[in-house]
Amino acid sequence: FNKLKEGLLSVTSSEESKEAAGVDDDNGNESTVSITVVGASGDLAKRKIFPALFALYYEDCLPKHFTVYGYARSKITDAELRNMVSKTLTCRIDKRENCGKKMDQFLKRCFYHSGQYDSQQNFVDLDKKLKEHEAGRVSNRLFYLSIPPNIFIDAVRCASMSASSGNGWTRVIVEKPFGRDSESSAALTKALKQYLEEEQIFRIDHYLGKELVENLSVLRFSNLIFEPLWSRQYIRNVQLIFSEDFGTEGRGGYFDNYGIIRDIMQNHLLQILALFAMETPVSLDAEDIRNEKVKVLRSMRPLQLENVAVGQYKSHTKGGVTYPAYTDDKTVPKDSLTPTFAAAALFIDNARWDDVPFLMKAGKALHNKKAEIRVQFRHVPGNLYNRNFGIDLDRATNELVIRVQPDEAIYLKINNKVPGLGMRLGRSNLNLHYAARYSKEIPDAYERLLLDAIEGERRLFIRSDELDAAWALFTPLLKELEEKKIIPEYYPYGSRGPVGAHYLAARYNVRWG
Ligand code: NDP
Ligand code: BG6
């Protein structure tokens, strides 16, 4: 033990960027990156990781020398892996002939090694194969753990002890869930740190790689018009909304152990909230940004049961089609109380955000699929245009909407005079619609995050103290929900969710956008 740590310590940051680019180091040695997708036979690897790697290759973002290895227990050959992967690669960037050629070139760089996750010998065998491809160059190794959490530690132990780089860096991307409460998360962190330094652990939250989430800081800190308004003085409430128009299809086994609060709120929505609410960081350096995010999380009130509404979808027939209930999933116990929907009011007890409700809503099997941030501003003081001009300005306040997906957009709802000789007010949107403004397709979140991990950029990954602070907020609530066996409010598949969410918002004088 522990080649990994030695590998990390031998690489300085300027060397890291040279190596990421695959250029010669100071001794004239070329470097290479070996990317091992652990759990390569799984859903995430096929749907997201391999396509993202291909897109990076297509865009010439991968280093000159790289190899991709799939690792899993399934006994398949290199050719079978390539065949499997080829089905999910898309030529979204360039649909012409060149793309097919590029795909073939990429697939030639993909290999497969079958092994157990807890076998050091199997990782020793992988190490030998990686070395053959690395051909004596400085070797940098990235392991992507795309496997269920109960085998994370085995895989990290074996990879670190038997397949880490001897002369370059070794990094490990870890997929959520990072535990299911404060205790299990701390135990996972402790176990990971037996084998890895914190700098080697890249905890992924793919929402941080989404274009509009990344743009949040740019919007705020590079436009003079927003930052002065970004406080309790002008903002009435902030809403963070996630909805999917399908259920837990195929993932019920995983989901039932976690529920929507752990699956979406404690990570994706909370991360957005932290970025939204943080103070200006000292710089764009990963540690400076993460320091500010931690401060926000630590200033928040732990969630209380009375500030939460939970729901679970039930079967619904529409247009002759019957949509299943959550508990119709064979992998879900019939009497499961796991929430598939939750709404919550959160508060940040600091000078900027005192008493401003941050309302979160997340649900599966709802009427639409979207993720957005809605910022509702206070009403205009005074009475100049109130009441008699067509709209009620106490209600028609400005609202800034950041639509993370689908159809990315940022728009600001304003009140304006309807053209004509009279004086009537109307509502309009000042709209930045991405598809209209930019012709290039937006990269998938996994592309950005994989590239950052290869380049050693940690800004969009979760630091362990952020994770602790996030769990500290949600753990008491999750325990209470489970101990008291709180019965979720049932809502029909494809509906707008339980009415409890509206009562909760109404308590804070808020209407969901
Ligand atoms: P899968 O359930 O598809 O598992 C990935 C691979 O792990 C399987 O192909 C299988 O490979 C191996 N595996 C599965 N179960 C076990 C087990 N009990 N013991 C040992 N090996 C097992 O997972 P996903 O690909 O869906 O997800 C991977 C990780 O990413 C998980 O941590 C998940 O929570 C997380 N994640 C997934 C998302 C998704 O959309 N799928 C989204 C966000 C996070 P083999 O049998 O060949 O060894
Ligand atoms: C994952 C959740 O983290 O995010 C899934 O585990 C959810 O339940 C998914 O479906 C949503 O991601 P996206 O990028 O499709 O919005």
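Residues numbered from 1 in each chain as written. Chains lettered and ligands numbered in written order. Predicted model: local features only at pLDDT ≥ 70, side-chain atom pairs only at ≥ 80, totals over all residues. Heavy atoms only, no water.

Draft legend 1. Quick peek at the packing of helix α11 (residues 259–277) against helix α15 (residues 464–483). Two elements in contact, α11 and α15, have axes whose closest approach is 11 Å; the angle formed by their N-to-C orientations is 145°. α15 is crossed by α11, and the crossing has right-handed handedness. Where α11 abuts α15, its residues Ile261, Arg262, Met265, Gln266, Leu270 and Gln271 lie against Glu466, Leu467, Ala470, Trp471, Leu473, Phe474, Leu477, Leu478, Leu481 and Glu482. In terms of residue class, the contact of α11 with α15 is made up of 11 nonpolar, 2 polar and 3 charged. (Axes fitted to C-alpha atoms, helices over the stretch in contact; angles between N-to-C directions. Helix = DSSP H or I, 4+ residues; strand = E, 2+ residues; numbered from the N terminus. Left-handed = near helix turned anticlockwise from the far one by under 90°. Contact = heavy atoms within 4.5 Å. Nonpolar A, V, L, I, M, F, W, Y, C, P; charged D, E, K, R; others polar.)

Draft legend 2. Looking closely at the confidence of the model for the protein. The share of residues in the protein with pLDDT of 70 or more is 93%, and the mean pLDDT across the chain is 91. Residue range residues 1–24 is modelled with pLDDT below 50. Its contacts to residues more than four positions away, or to other chains, number 61 contacts. This complex was scored by the predictor with a pTM of 0.93 and an ipTM of 0.97. (pLDDT = per-residue confidence, 0-100.)

Draft legend 3. The site of ligand 2, seen in detail. Close to ligand 2 lie Lys176, His206, Tyr207, Lys210, Glu244, Arg251, Tyr254, Asp263, His268, Lys364, Lys369 and Gln405, which account for all nearby residues. Asp263 has a polar side-chain atom sitting 2.6 Å from an oxygen atom of ligand 2. The separation between an oxygen atom of ligand 2 and a polar side-chain atom of Gln405 is 2.7 Å. Starting from 400 Å² of accessible surface for ligand 2 in isolation, the protein chains cover 83%. Grouping the constituent residues of the shell around ligand 2 by class yields 2 nonpolar, 3 polar and 7 charged. (Near = heavy atom within 4 Å. Polar contact = N/O pair within 3.5 Å; in protein donor to acceptor, adjacent residues only side chain to side chain. Areas by Shrake-Rupley, 256 points an atom, 1.4 Å probe, with all protein chains shown as cover.)

Draft legend 4. The arrangement of the pairing of strand β1 (residues 31–38) in detail. Most of β1 is tucked away: 8 of the 8 residues are buried. Here β1 shows a buried face lined by Ser31, Val33, Ile35 and Val37 and a second buried face lined by Thr32, Ser34, Thr36 and Val38. The pairing of β1 with strand β4 (residues 138–145) spans 8 bridges and is classified as parallel. Each bridged residue has a counterpart across the sheet, and for Thr32 the counterpart in β4 is Ser139. Examined bridge by bridge, β1 and strand β2 (residues 66–72) share 6 bridges and lie parallel to one another. From the neighbouring strand, Val37 faces β2, where its bridge partner is Gly70. (Buried < 20%, exposed > 50% of the residue type's maximum accessible area, 1.4 Å probe, protein only. Pairing = 2+ DSSP bridges.)

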